[in-house]
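Structural characterization, general
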2 protein chains.
Amino acid sequence: MPEVPPEAPTGDELLRVLSALGNPHRMRIVAALLESRNYVSALARLIGMGRPLLHMHLQRLEAAGLVVGTLEVGEDGKSMKYYDVTPFCYELTPRIVAQAAATLTETTEPDRATGRAAKEEAK
Amino acid sequence: MPEVPPEAPTGDELLRVLSALGNPHRMRIVAALLESRNYVSALARLIGMGRPLLHMHLQRLEAAGLVVGTLEVGEDGKSMKYYDVTPFCYELTPRIVAQAAATLTETTEPDRATGRAAKEEAK
DNA sequence: GGCACCTGTCAAAGATTTCTGACACATCTC
DNA sequence: GAGATGTGTCAGAAATCTTTGACAGGTGCC
């Protein structure tokens, strides 16, 4: 049996997943793809959305590991990029969120090497 | 015994939860509050964040039902707003997301059938 | 009174994210 | 060739989210 995230996703991973799913359009995209895999242009027509925009949303979902895209070549020689929903499974509880938060890499990139956050205690 | 969302949260609810948690600062806030409940000003000092900003983040978390704030009056007469993390528990799978997406009441969509996309009734 | 805390709000800046209309390329059919 | 399909990209609006500083009030203590 394949492994699913057992308990503790990294902060960055969880953040990517949550912010990817925290968007009505992307939720609908997942729903549409779960019903049947599809390629970009057809999916764009199906849910009434511009191709460039859908492309962006799909990239966000794929970056979060929620969908996967494979470039397939049809018998007519046209290449279409089909997207499938991955069987992801995340549990959201205070403890898991807290654990993830502890492993968050500073979002603001202050320095190249130090990795030190440049937040000082004022006052 | 209070019930936790067993399986199918509404689209709006899940959307609120995901977009609330899909932010590094808010994840850290949940983590800090889970370690120990706190009131706004102290929490602001603790995580090095302005009060107005923290206030906004807490409102977002509370609107999603992830934390609750209670205005308590100490014996010294000062009122402090203490926040607690609620024991939320959400499961994130393709099916659950798809189900939630189906009940989304949001979008500039034209309209389908009884369609009447409106904001929630303020209380 | 003045100081140190607490609470809340508001209006702007600042930074992201979202969205749109181009553009580029390829293949197949007419 | 033109026209349909598919792929991807880009720059720039448009909308939204984040952040800041100033303001309003409240209480207790020196």
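Each residue is numbered by its place in its chain's sequence as written, counting from 1. Whichever chain is written first becomes A and whichever ligand is written first becomes 1, with later ones labelled in order. Local features in a predicted model are, by the rule used here, given only for residues with pLDDT of at least 70; side-chain atom pairs are given and counted only at 80 or more, and totals for whole chains, interfaces and linings are based on all residues. With hydrogens and water excluded, all non-hydrogen atoms of the structure serve as input to the side-chain values.

All right, on to the sheet that holds strand 3 (residues 79–85) of chain A then. Residue and element names in this part refer to chain A. Strand pairing is assigned whenever DSSP detects at least two bridges linking the two strands. Strands here are runs of E lasting at least two residues and helices are runs of H or I lasting at least four, both read from the DSSP assignment and numbered beginning at the N terminus. Reading across the sheet, the 3 strands line up as 1-3-2 and stay open at both edges, with antiparallel pairing between neighbours. The sheet terminates laterally at strand 1 (38–39) and strand 2 (67–73), the two strands that pair on one side only. Residue contacts follow a heavy-atom distance rule, with two residues in contact if any of their heavy atoms lie within 4.5 Å. Axes here mean lines fitted to C-alpha atoms, for a helix over just the part in contact, with angles spanning 0 to 180 degrees between N-to-C directions. This element, helix 4 (residues 51–63), spans strand 2 and strand 3 of the sheet and lies at about 120° to strand 2.

Our next topic: the pairing of strand 3 (residues 79–85) of chain B. All names here are of chain B. When strand 1 (residues 38–39) meets strand 3, the two strands line up antiparallel, connected through 2 bridges. Counted as the bridge partner of Asn-38 is Tyr-83 from strand 3. One ladder, built from 7 bridges, connects strand 2 (residues 67–73) with strand 3; its direction is antiparallel. If you follow Val-73 over to strand 3, its bridge partner there is Ser-79. The hairpin turn running from strand 2 into strand 3, its antiparallel successor, is 5 residues long, and Gly-77 in that turn takes a positive phi close to 90°.

Here we come to the sheet that holds strand 1 of chain B. All names here are of chain B. Spatially, 1-3-2 is the arrangement adopted by the 3 strands of the open sheet, whose pairing is antiparallel. Edge strands, defined here as strands with exactly one partner in the open sheet, are strand 1 and strand 2. Along the sheet face, helix 2 (residues 24–35) touches strand 1, strand 2 and strand 3 and points at about 100° away from the line of strand 3.

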